[in-house]
Amino acid sequence: MSKRTHEDAQATKQRILAAANKIFIAKGIDKASLSDIAREANVTRGAIYWHFENKNDIFIELLEAQTKSLNLRTTLYAAANPDSSDPLGLLKRWMQLIFHENTELLISPAIINIVVNIMAADENDDARIRMIEFLKVTNMSIEAALRNAIARSQLPADLDVKLAATYLKSIVDGQFSLAYRTNNLFDRDNYYKIVDVAFAHLGEFRRRPQREAASA
């Protein structure tokens, strides 16, 4: 493929993604059709199939592009990097960025419904597999960031990493649920306050002594 042809193909792909973003938010994935997306992007359905397998595949691409554009992934990966000088600060910044004012794609009720549908799909569905891998890497990175914070003496050495990670993830999951139920009308300022409190008390999630755990 020549350089010009490659550039044209990438331009078409980006046009499809922009159109899909608009259609998904307006209609939701169930009611959106590839014909809608093709019409909005001014391309043929064949052009869409050249780049994507189905609507779910398009959505996963949009999700990955959104996390990249907002530095979500790079911020979390930086926190998980053993060489990070401030892993706890970066982890907190990642949580703040998730519900930044520019994350409409991530927290639109219509888009959250797409995620629910993808997770309910057949276990061999490509989009479901990619979504599970995305979540798995995120979870591993959160735990790695917490271990780095321990190594940097930002958190106690006996922190229960898995419990602390579960606590942080539950806050994020709860906000997604709130955004879905309230049609994205939740208060971001309150969310940021919740994050502040969560990190102020994160060090309290310590492992119980083995003897105490056994008798519980």
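Scroll up to find the structure this text is about.
Given the structure is predicted, the values throughout are model-derived calculations rather than measurements.

A.B. asks: Would you mind showing me how to read the overall build of the protein here?
C.D. replies: Looking only at helices and strands, one finds 12 helices and zero strands in the protein. In the protein, the succession of helices and strands from N to C terminus is α-α-α-α-α-α-α-α-α-α-α-α. Relative to its full complement of 216 residues, the protein shows a buried share of 42%. Partitioning the contacts of the protein with sequence separation of at least 6, the portion at a separation of at least 24 is 69%.

A.B. asks: Sorry if this is basic, but what is going on with the packing of helix α6 (residues 87-98) against helix α11 (residues 188-200) here?
C.D. replies: If you want to describe how two helices pack, look at the angle between their axes and the distance between the axes. Their axes nearest at 10 Å, the elements α6 and α11 cross at an angle of 155°. Here α6 is positioned roughly antiparallel relative to α11, judged by the angle of their axes. The two elements α6 and α11 meet at a crossing, and its hand is right-handed. Contacts between α6 and α11 involve L88, L91, K92, M95 and Q96 from the former and Y191, Y192, V195, D196 and F199 from the latter. Here the contact of α6 with α11 is built from residues that sort into seven nonpolar, one polar and two charged.

A.B. asks: Which parts of the structure should I look at to understand the packing of aromatic side chains?
C.D. replies: The way to describe two aromatic rings as a pair is by their centre distance and the angle between their planes. What the rule picks out here adds up to two aromatic pairs. Summarising the aromatic geometry, the rings of Y167 and F205 are spaced 4.7 Å apart at their centres and angled 40° between planes, so their arrangement reads as tilted. Linking Y167 in helix α10 (residues 161-181) with F205 in the loop between α11 and α12 (210-215), this pair joins segments that are 38 residues apart in sequence. Ring geometry for Y191 against Y192: centres 5.8 Å apart, planes inclined by 55°, an arrangement best described as tilted. You can call Y192 partly exposed: its relative accessible area is 24%.

A.B. asks: What is the right way to read the pattern of salt bridges from this model?
C.D. replies: For side chains of opposite charge, pairing can occur when their charged atoms come near one another. Scanning the model with the defined rule gives seven salt bridges in all. A salt bridge links D196 to K92, with the shortest nitrogen-to-oxygen separation between them at 2.9 Å. Placement of D196 in helix α11 and of K92 in helix α6 is noted, with a sequence separation of 104 residues between them. Classification of K92 by relative accessible area gives partly exposed; the value is 24%.

A.B. asks: Teacher, can you tell me more about the environment of N81 here?
C.D. replies: Tracing the chain through its elements places N81 in the loop between α5 (72-80) and α6. Linking N81 and N148, residues 67 residues apart in sequence, is a C-alpha distance of 7.6 Å. For N81, the side chain forms a polar contact with the main-chain nitrogen of D83, separated by 2.8 Å.

A.B. asks: Sorry if this is basic, but what is going on with the nonpolar core here?
C.D. replies: Most often, soluble globular proteins have nonpolar side chains that are buried together. One finds L91, M95, L146 and L168 to be the most contacted residues of the largest nonpolar core, which totals 28 residues. Of all elements in the fold, only α5, α6, α9 (126-151), α10 and α11 reach the threshold of two or more residues within this core. Setting aside residues up to four positions removed in sequence, L91 forms contacts with L76, A79, I142, A145, L146, L168 and F199. Core analysis: the second largest hydrophobic core is formed by 25 residues, A32, A41, A47 and I48 among them.

A.B. asks: Which parts of the structure should I look at to understand helix α2 (residues 34-41)?
C.D. replies: Since one α-helical turn is 3.6 residues long, residues separated by three or four positions face the same way. Taken as a whole, α2 has its buried residues at L34, D36, I37, A38 and A41. Count one or two residues on from α2 and you reach N42, which has phi positive near 60°.

A.B. asks: How do you make sense of the environment of I171 when you look at a structure like this?
C.D. replies: Assignment of secondary structure puts I171 in helix α10. On the accessibility criterion, I171 (10% relative accessible area) is buried. Each residue touching I171, except ones within four places of it in the same chain, is listed here: M95, Y191, I194 and A198.

Criteria and thresholds
- Counting restarts for each chain, with residues numbered from 1 along the sequence as it is written.
- Per-residue local features of the predicted model are confined to residues with pLDDT of at least 70, and side-chain atom pairs are confined, for both listing and counting, to 80 or more; whole-chain, interface and lining totals are unaffected and use all residues.
- Values reported for side chains reflect all heavy atoms of the structure, with hydrogen atoms and water molecules removed beforehand.
- Helix and strand assignments come from DSSP, with helices taken as H or I runs of at least 4 residues and strands as E runs of at least 2, each series counted from the N terminus.
- Exposure is judged per residue with a 1.4 Å probe applied to protein chains only, and the accessible area is read against the type maximum: over 50% gives exposed, under 20% gives buried, and values in between give partly exposed.
- The criterion used for residue contact is that any of the two residues' heavy atoms lie within 4.5 Å.
- Only the stretch in contact is used when fitting a helix axis, every axis being a line fitted to C-alpha atoms; angles between N-to-C directions are given from 0 to 180 degrees.
- Put simply, angles under 35 degrees are roughly parallel, angles over 145 are roughly antiparallel, angles from 65 to 115 are roughly perpendicular, and the rest are oblique.
- Take the far helix as the reference: if the near one is turned anticlockwise from it by less than a right angle, the crossing is left-handed, and if turned clockwise, right-handed.
- Gly falls in the polar group here, along with every residue not listed as nonpolar (Ala, Val, Leu, Ile, Met, Phe, Trp, Tyr, Cys, Pro) or charged (Asp, Glu, Lys, Arg).
- Here a Phe, Tyr or Trp ring, Trp counted by its six-membered ring, pairs with any other such ring whose centre lies within 6.5 Å, and the pair is stacked when the planes are under 30 degrees apart, edge-to-face when over 60, and tilted otherwise.
- Here, a salt bridge means any Lys or Arg side-chain nitrogen found within 4 Å of an Asp or Glu carboxyl oxygen.
- Definition of a polar contact: a pair of N or O atoms within 3.5 Å, with one able to donate and the other able to accept a hydrogen when the atoms are protein atoms, and with sequence-neighbouring residues admitted only if both atoms are side-chain atoms.
- The set of buried Ala, Val, Leu, Ile, Met, Phe, Trp, Tyr and Cys residues whose side-chain atoms join them within 4.5 Å is what this entry labels a nonpolar core.

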